[in-house]
Amino acid sequence: MKRCLCFLLLVACFASAQEPAKPRVIEISAKRFEFAPNVVTVRRGEPVTIRLNATDHAHGLLVKPLGIDLDADRGSPDEVTITPKAPGTFPAICDHYCGMGHGNMKMTFVVE
Amino acid sequence: MSRSFDRRSFLRLSAASIGTGALLQFFPFTAHGQTMSKLLGKRTGEAPSPFSVVQLSDTHVGFNGPPDPLGTAAFERAVETINGLSSQPDLILFTGDLTHDSEDSAEHAKRFAKFKEIAGRLRVQKRFFVPGEHDAALDGGTLFREHLGETHRSFDHKGVHFVALDNVSTGRPAVGKAQLAWLKSDLARYSRETPIVVFTHRPLFDLKPEWEWFTSDGDAVMNVLAPYEAVTVLYGHIHREQHTTLGNAQHHAARSLIFAFPDPATAAEKKPLPFDASQPFRNLGIRRITDSGARLAIDDIELTKREISGANGVAQLLRQGELS
């Protein structure tokens with residue numbers, strides 16, 4: 001019984017050691033016609049979860065080169081986990097039409 | 001300017017931009033086309049025969065800000081131009097952003113009514129419409145349907161199958177699963193040789209995603225269309241002329257009737273081209289492509305409104321080029 005308990009403990013420790021670190025979560029708030037923050041900096045090779053929260057209307061967040069294509073509505077956030085591969089500065093847009101200022105709803109992702 | 005079109009298809013596309021839009025003429029190829037016409041006539045019940053289409057786009061009725069202070073003047077001028085064509089087109093296709101949106105639904109409804117009043121001056125009675133995001137994205141297409149009917153549909157004309165696709169009314173640049181399923185079933189009864197003309201608002205390929213010039217499920221749409229040998233996609237949204245060939249499909253964007261956007265290949269920003277009071281209709285004009293045997297001849301006509309002898313007048317400036 002004692003042996004069995006030790007074995008289970010070892011297995012648990014091993015599993016815990018192997019569990020990957022949870023990605024850093026970056027919260028982005030979207031309202032007509034701005035994102036906050038409007039610049040996000042991430043590191044190359046670092047997994048990050050991008051979570052989009054819409055506060056007034058449905059909004060999108062699109063950065064094709066980084067694999068970000070989110071669509072959030074009030075009370076229904078959307079998220080994606082990415083691992084940026086290459087450094088650079090990437091423009092992001094709202095791609096869910098949200099009114100007259102929609103075309104100016106932009107932000108920037110910087111990968112260092 | 002030199003551009004060639006794919007001649008392998010039986011369908012020859014003859015495109016003439018009307019500043020504002022495009023005059024498209026369809027002819028079956030001479031010898032090969034006649035054979036194909038007979039075959040298609042057996043398969044679809046209606047053999048292709050020559051006809052022309054005018055495409056109008058992005059009239060933005062209700063828009064009254066910079067850079068263009070002309071309001072509906074270019075749209076109305078385009079209607080006059082089309083009505084003045086010696087040979088009237090069979091069909092008029094409107095590819096979205098017919099109105100400019102308003103938070104006030106009653107005001108938006110007035111803009112739809114104004115659009116219909118101007119479009120109603122066209123002599124051509126067969127008019128078909130798809131919405132742009134300014135028409136349908138804020139209310140899911142409710143006002144559009146009330147005034148202009150369903151946001152997607154299909155019909156046949158002289159042996160060509162026309163498909164109107166809505167890639168705006170969910171708010172996202174997308175056609176969506178339901179419409180994709182409809183498209184598959186709609187096309188299922190047509191042979192691969194049937195010429196297909198799709199008209200929609202946004203480009204169905206990644207023209208410039210960071211300027212929102214794309215459709216997120218455009219690849220899925222084009223995969224459904226891939227088996228068909230002669231596919232023509234007419235779209236608007238980008239407020240400039242653009243011609244792109246991808247696989248069996250030719251994609252043609254029409255100019256707008258309100259203001260022009262710059263060339264995405266060279267411009268750093270998506271900012272409207274400045275208004276030129278001396279040439280208020282600059283970037284609006286007619287492109288007519290006609291067959292001259294082995295070559296396609298192209299005439300570009302730029303419509304320019306300017307002062308003539310102290311009075312307002314309209315002059316057509318003619319530029320000529322040739323396609324090889």
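Being a predicted model, the structure only gives us computed values, none of them experimental.

Each value, and the rule that gives it
- Residues numbered from 1 in each chain as written.
- Chains lettered and ligands numbered in written order.
- Predicted model: local features only at pLDDT ≥ 70, side-chain atom pairs only at ≥ 80, totals over all residues.
- Helix = DSSP H or I, 4+ residues; strand = E, 2+ residues; numbered from the N terminus.
- Buried ≥ 20, exposed ≤ 12 C-beta atoms within 10 Å, placed from the backbone.
- Contact = placed C-beta atoms within 7 Å.
- pLDDT = per-residue confidence, 0-100.
- Nonpolar A, V, L, I, M, F, W, Y, C, P; charged D, E, K, R; others polar.
- Pairing = 2+ DSSP bridges.
- Axes fitted to C-alpha atoms, helices over the stretch in contact; angles between N-to-C directions.
- Parallel < 35°, antiparallel > 145°, perpendicular 65-115°, else oblique.
- Core = buried A, V, L, I, M, F, W, Y, C linked by C-beta atoms within 7 Å.

Visitor: Explain the overall build of chain B to me, using residue names and the numbers behind them.
Guide: Helices and strands together make up the secondary structure of chain B, namely 7 helices and 14 strands. Burial analysis of chain B (324 residues in total) assigns 46% to the buried set. Sequence-distant contacts, at least 24 apart, represent 68% of the contacts inside chain B between residues at least 6 apart.

Visitor: Tell me what's going on with the overall build of chain A, and back it up with residues and numbers.
Guide: Across its full length, chain A carries 1 helix and 9 strands. Walking chain A from its N terminus toward its C terminus, one meets helices and strands in the order α-β-β-β-β-β-β-β-β-β. Relative to its full complement of 112 residues, chain A shows a buried share of 27%. In chain A, 62% of the contacts between residues at least 6 apart in sequence involve partners at least 24 apart.

Visitor: Got a sec to walk through the confidence of the model for chain B? Specific residues and values, please.
Guide: On average, residues of chain B score 77 in pLDDT, and 72% of them reach the 70 mark or higher. Ignoring residues within four places in sequence, the model shows residues 1–20 of chain B, a span with pLDDT below 50, making 73 contacts including any to other chains.

Visitor: Outline the interface of chain A and chain B, supporting the account with residue identities and numerical values.
Guide: Counting residues at the interface gives 12 residues for chain A and 11 residues for chain B. Elements with a contribution of two residues or more to the side of chain A that touches chain B: β5 (59–63), β6 (68–72) and β8 (88–93) of chain A. Broken down by class, the residue content of the side of chain A that touches chain B amounts to 5 nonpolar, 3 polar and 4 charged.

Visitor: Let's hear about the sheet that holds strand β9 (residues 231–235) of chain B: which residues, and what values?
Guide: Residue and element names in this part refer to chain B. Pairing is mixed in the open sheet, where 6 strands are placed in the order β6-β7-β8-β9-β11-β10. The sheet is open, and its two edges are formed by β6 (153–157) and β10 (242–246), each paired on a single side. The sheet shows a mean angle of 20° between the axes of neighbouring strands, direction not considered. The pairing of β6 with strand β7 (residues 160–164) spans 5 bridges and is antiparallel. Bridge pairing links Arg153 to Ala164 in β7.

Visitor: Go over the environment of Gly141 of chain B, please, and point to the residues and values.
Guide: Residue and element names in this part refer to chain B. Within the secondary structure, Gly141 sits in the loop between α4 (133–136) and α5 (142–148). Judged by the 20 C-beta atoms lying within 10 Å of it, Gly141 is buried. Leave out the neighbours within four places in its chain, and Gly141 touches Pro131, Ala136, Thr151 and Ser169.

Visitor: Residues and numbers for the sheet that holds strand β2 (residues 34–36) of chain A, please.
Guide: Within a beta sheet, neighbouring strands are joined by backbone hydrogen bonds and run either parallel or antiparallel to one another. Residues and elements named next belong to chain A. The sheet built from 4 strands is open, its strands ordered β2-β1-β4-β7 with mixed pairing. With partners counted over all chains shown, the strands left at the sheet margins are β2 and β7 (78–82), one partner each. For this sheet, the mean inter-axis angle between neighbouring strands, taken without regard to orientation, is 25°. Summarising the sheet, strand β1 (residues 24–31) and β2 pair through 3 bridges and their orientation is antiparallel. Within β2, the position partnered with Ala30 by the bridge is Phe35.

Visitor: Could you give an account of the pairing of β5 of chain A, naming the residues involved and the relevant values?
Guide: Residues and elements named next belong to chain A. Most of β5 sits inside the fold, with 5 of its 5 residues counted as buried. Burial along β5 is two-sided: His59, Leu61 and Val63 and Gly60 and Leu62, pointing in opposite directions, are all buried. Pairing analysis gives 5 bridges linking β5 to β6, with the strands arranged antiparallel. Paired with Leu61 across the two strands is Leu70, which belongs to β6. From the end of β5 to the start of β6, which pair antiparallel, there are 4 residues, and Gly67 there has a positive phi angle of about 75°.

Visitor: Describe the pairing of strand β4 (residues 91–95) of chain B, listing the residues and the values that go with them.
Guide: Residues and elements named next belong to chain B. By the criterion of burial, β4 is predominantly enclosed, with 5 of the 5 residues buried. Here β4 shows a buried face lined by Leu91, Leu93 and Thr95 and a second buried face lined by Ile92 and Phe94. Looking at chain direction, strand β3 (residues 51–56) and β4 are connected through 4 bridges and run parallel. Looking at β4, one finds that Gln55 is bridged to Leu93.

Visitor: Please set out the packing of helix α6 (residues 177–187) of chain B against helix α7 (residues 218–225) of chain B residue by residue, giving values where relevant.
Guide: All names here are of chain B. The contact between α6 and α7 brings their axes to 10 Å, and the two run at 10°. Taken together, the axes of α6 and α7 are roughly parallel relative to one another. Along the contact surface, α6 presents Leu180, Leu183, Lys184 and Leu187, while α7 presents Ala220, Val221 and Val224. Partitioned by chemical class, the residues of the contact of α6 with α7 number 6 nonpolar, no polar and 1 charged.

Visitor: Which residues make up the environment of Leu165 of chain B, and what are the values?
Guide: All names here are of chain B. Its place among the elements puts Leu165 in the loop between β7 and α6. Note on Leu165: 26 C-beta atoms within 10 Å, which makes it buried. Excluding residues that lie within four positions of it along the chain, Leu165 makes contacts with Val130, His152, Val175, Gln179, Val198, Thr200 and Val221.

Visitor: Run through unusual backbone geometry, naming residues and quoting values.
Guide: In this model, Arg32 of chain A is joined to Phe33 of chain A through a cis peptide bond whose omega is -10°. Even without being glycine, Lys158 of chain B reaches a positive phi, approximately 45°. Note on placement: Lys158 of chain B falls in the loop between β6 and β7. Given 16 C-beta atoms within a 10 Å radius, Lys158 of chain B is considered partly exposed. Positioned with a positive phi, His239 of chain B is a non-glycine residue whose angle comes to about 55°. Tracing the sequence through the fold places His239 of chain B in the loop between β9 and β10.

Visitor: Tell me about the nonpolar core, and please be specific about residues and values.
Guide: The nonpolar side chains of a soluble globular protein tend to be buried, and buried together. Grouped together as the largest cluster of nonpolar side chains are 81 residues, with contacts concentrated most on Ala30, Leu52 and Leu61 of chain A together with Val198 and Phe199 of chain B. Here the element with the most residues in this core is helix α2 (residues 73–83) of chain B; it accounts for 5 residues. Apart from the residues lying within four places of it in its own chain, the contact partners of Leu61 of chain A are Ile28, Ala30, Leu52, Ile68, Leu70, Ala92 and Cys94 of chain A.

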